[in-house]
Amino acid sequence: MDHFALNDGELFAEDVPLAAIAREVGTPVYVYSRATLTRHARVFREALAELPSVHIAFAVKSNPNVAVLRLLANEGYGADVVSEGEMNRALAGGIPAADIVFSGVGKTRRELTAAVKAGIGQFNLESEEEGVELAEIAASLGLRAPCALRVNPDVDARTHAKISTGKADNKFGVPYDRAAGIYARLSALAGLDMKGLAVHIGSQISDLEPSRLAFIKMGELMEAIRAEGLSVTHMDLGGGLGVPYKASDSLPTPQEYGAMVVSVAKDWGVTLMFEPGRVISGNSGVLVTEVVRVKEGVVNPFVVVDAAMNDLARPAMYDAWHDFAAVKPNGRTMTANIVGPICESSDTFAMGREIDEVASGDLAIFRTAGAYGATMANTYNSRALVPEVMVDGGKWAVVAARIEPETILSAETVPDWLA
Ligand code: LLP
């Protein structure tokens, strides 16, 4: 459920007409709904209410805007970060260091040092080598770094290959069969405080069974480690719950996910940690675009919009579907290809799709663009970096300004020897 709906024949974000935002800020522009974000944060938390001890760390990578992070901090959410930049954003958003989980397969020495100094609540170690390096850094600062060991359970999440992370040949975590031994060796290091295990098998998960199997394996591993006399107080079950990208999609609900976790992990005697991203932010945002022109095609017309793959990369990268809707639909439909202005054919949002009829100058939206939208934007073809707006009831604010190509050009220099 979201708060982007028709009101008197025109699309609104909560109580604000999208056309009003487009008029003032220009297009393309991402628009987030505060009420939708808040609702999703609360629904996800309530779905886990039967679990005795829960920590929810929002996956910052899905939407790192600092206003979004502040909203989630106000909801009591922690953060899952994967770089020093994301860590600093989470802190700037008001998320306490102790509520931040630092994940990622390539944390550098500099990042590990900065995170230890900041007092990060948990490092999700991706390898024994990383653990040894972190132990040395923490010990040299007279500190102990709280850690979980990320395990690769060798379970296929049955999602898009590019966002699957839990198969043995993926780069993430340590192999399941070696995890207990690595946990024991890392537990002996003075610089580490080994608190538990972490797992994340993939993103946009549409079937709960692989997650259930992975969690059962993790529970068995936890018991095996405890049987060695080692302590496990935290189990991080990652993120990954999918969202409907098409109105007709049916996905597991947060309640169904929560019930599955309860059935597997309720009696583990740990704090259960979660790293949801898309399920919180996905449907909370849309990308507003203007139709540049409608160009005749051989089979279908091309609707050329002013948003492109640099603004919303998901269709080009993962063949992802984003529903398209006119801001002021006229009631008629057309079958068209929706494309951006960038000079490669991957800049295609849809082929042969039945959509609201649009013409040059009309505004339209791509839905479910609040996750992995603005954060994956770039400036390819020397286009601007897309701005972001947040709506709250009848008011709205720009929460990320458009960065013009001139600003980026001004950071470049021609060396003397080329003059
Ligand atoms: N935790 C870890 C360790 C992750 O790697 C991820 C996502 C998450 C949590 C959050 O997953 P979520 O709940 O949002 O599914 N750019 C791709 C998605 C990449 C996801 C990477 N990891 C896309 O646009 O679909």
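For clarity, every value in this text was computed on a predicted model and none was experimentally measured.

Looking now at the overall build of the protein. When helices and strands are tallied, the protein shows 12 helices and 21 strands. Taking the principal axes of its C-alpha atoms as reference, the protein extends roughly 70 × 60 × 40 Å. Within the protein, the proportion of its 419 residues that are buried is 55%. For the protein, the proportion of contacts with a sequence separation of at least 24, taken over those separated by at least 6, is 69%. Only carbon and sulfur atoms are counted for the fraction: they give 51% of the accessible area of the protein, which is about 17,800 Å². When the 37 positive and 53 negative side-chain charges of the protein are each reduced to one mean point, those points stand 2 Å apart.

Looking now at the packing of helix α6 (residues 128-140) against helix α7 (residues 176-187). Axis separation between α6 and α7 bottoms out at 10 Å; the angle between their running directions is 10 degrees. The orientation of α6 relative to α7 falls into the category roughly parallel. Contact residues: Glu128, Gly131 and Val132 in α6; Ile182, Arg185 and Leu186 in α7.

Next up on the list: the domain arrangement of the protein. The domain boundaries assigned to the protein delineate domain 1 (4-32 + 282-409) and domain 2 (34-280). Here domain 1 and domain 2 have C-alpha centroids that lie 32 Å from each other. Contact residues are listed per partner, giving 22 residues for domain 1 and 24 residues for domain 2. Each partner contributes to the roughly 2,100 Å² buried at the junction of domain 1 and domain 2, and carbon and sulfur atoms together form 53% of this total. Counting across the domain 1 and domain 2 interface gives 1 salt bridge. Here arginine 34 and aspartate 392 are joined by a salt bridge, their closest N and O atoms 2.9 Å apart. Counting across the domain 1 and domain 2 interface gives 14 residue pairs in polar contact (both at pLDDT 80 or more).

If you walk across this open sheet you meet the 3 strands as β1-β2-β3, and the pairing is antiparallel. Single-partner strands in this sheet number two, and they are β1 (4-7) and β3 (16-17). Bridge count between strand β2 (residues 10-13) and β3: 2 bridges; the pairing is antiparallel. Residue pairing for β3: phenylalanine 12 is matched across the bridge by proline 17.

Before going further, it helps to spend a moment on the site of the ligand. For the ligand, the set of nearby residues contains 18 residues, the closest of which are Ser203, Gly240, Glu275, Arg314 and Tyr372. In the environment of the ligand, an oxygen atom lies 2.4 Å from a nitrogen or oxygen atom belonging to the side chain of serine 203. Protein contacts shield 91% of the accessible area of the ligand, which totals 590 Å² for the unbound molecule. The residue inventory of the shell around the ligand, partitioned by class, reads 6 nonpolar, 6 polar and 6 charged. Here the shell around the ligand spans two domains, and each of domain 1 (4-32 + 282-409) and domain 2 (34-280) adds at least three residues to it.

Judged by nonpolar contacts, the single largest core of 100 residues is most densely connected at Phe123, Leu149, Leu197, Val261, Trp268 and Leu272. Residue contributions to this core peak at 7 residues, all from helix α8 (residues 208-227). Structurally, this core is a two-domain feature, drawing no fewer than three residues from each of domain 1 (4-32 + 282-409) and domain 2 (34-280). Those residues in contact with phenylalanine 123 that lie beyond four places of it in its chain are Phe102, Leu112, Ala115, Val116, Leu134, Ala145, Pro146, Cys147 and Ala148.

Okay, the pattern of salt bridges next. The full count for this structure, using the stated rule, is 15 salt bridges. Note that glutamate 209 is salt-bridged to arginine 212, the shortest N-O span being 2.9 Å. Within this pair, glutamate 209 and its partner arginine 212 are both found in helix α8, separated by 3 residues, close to a single helical turn. Overall, glutamate 209 belongs to the partly exposed group, its relative accessible area being 31%. For arginine 212, a relative accessible area of 29% corresponds to the partly exposed category. Here the salt bridges do not stand alone but share partners, grouping Arg34, Asp392 and Lys395 into one network.

With that settled, the discussion passes to unusual backbone geometry. The peptide bond linking threonine 27 to proline 28 adopts the cis configuration, its omega dihedral lying at -5 degrees. Phi angles above zero are rare outside glycine, and aspartate 8 is one such case at about 60 degrees. Assignment of secondary structure puts aspartate 8 in the loop between β1 and β2. Despite not being glycine, threonine 368 has its phi angle at roughly 55 degrees, a positive value. Counting through the fold element by element, threonine 368 comes out in the loop between β19 (363-366) and β20 (388-392).

Definitions and limits used
- Residues numbered from 1 in each chain as written.
- Predicted model: local features only at pLDDT ≥ 70, side-chain atom pairs only at ≥ 80, totals over all residues.
- Heavy atoms only, no water.
- Helix = DSSP H or I, 4+ residues; strand = E, 2+ residues; numbered from the N terminus.
- Buried < 20%, exposed > 50% of the residue type's maximum accessible area, 1.4 Å probe, protein only.
- Contact = heavy atoms within 4.5 Å.
- Areas by Shrake-Rupley, 256 points an atom, 1.4 Å probe, with all protein chains shown as cover.
- Lys, Arg positive; Asp, Glu negative; His and termini not counted.
- Charge placed at Lys NZ, Arg CZ, Asp CG, Glu CD.
- Axes fitted to C-alpha atoms, helices over the stretch in contact; angles between N-to-C directions.
- Parallel < 35°, antiparallel > 145°, perpendicular 65-115°, else oblique.
- Domains from an automatic or database assignment.
- Buried area = accessible area lost by both parts, 1.4 Å probe.
- Salt bridge = Lys/Arg side-chain N within 4 Å of Asp/Glu carboxyl O.
- Polar contact = N/O pair within 3.5 Å; in protein donor to acceptor, adjacent residues only side chain to side chain.
- Pairing = 2+ DSSP bridges.
- Near = heavy atom within 4 Å.
- Nonpolar A, V, L, I, M, F, W, Y, C, P; charged D, E, K, R; others polar.
- Core = buried A, V, L, I, M, F, W, Y, C linked by side-chain atoms within 4.5 Å.

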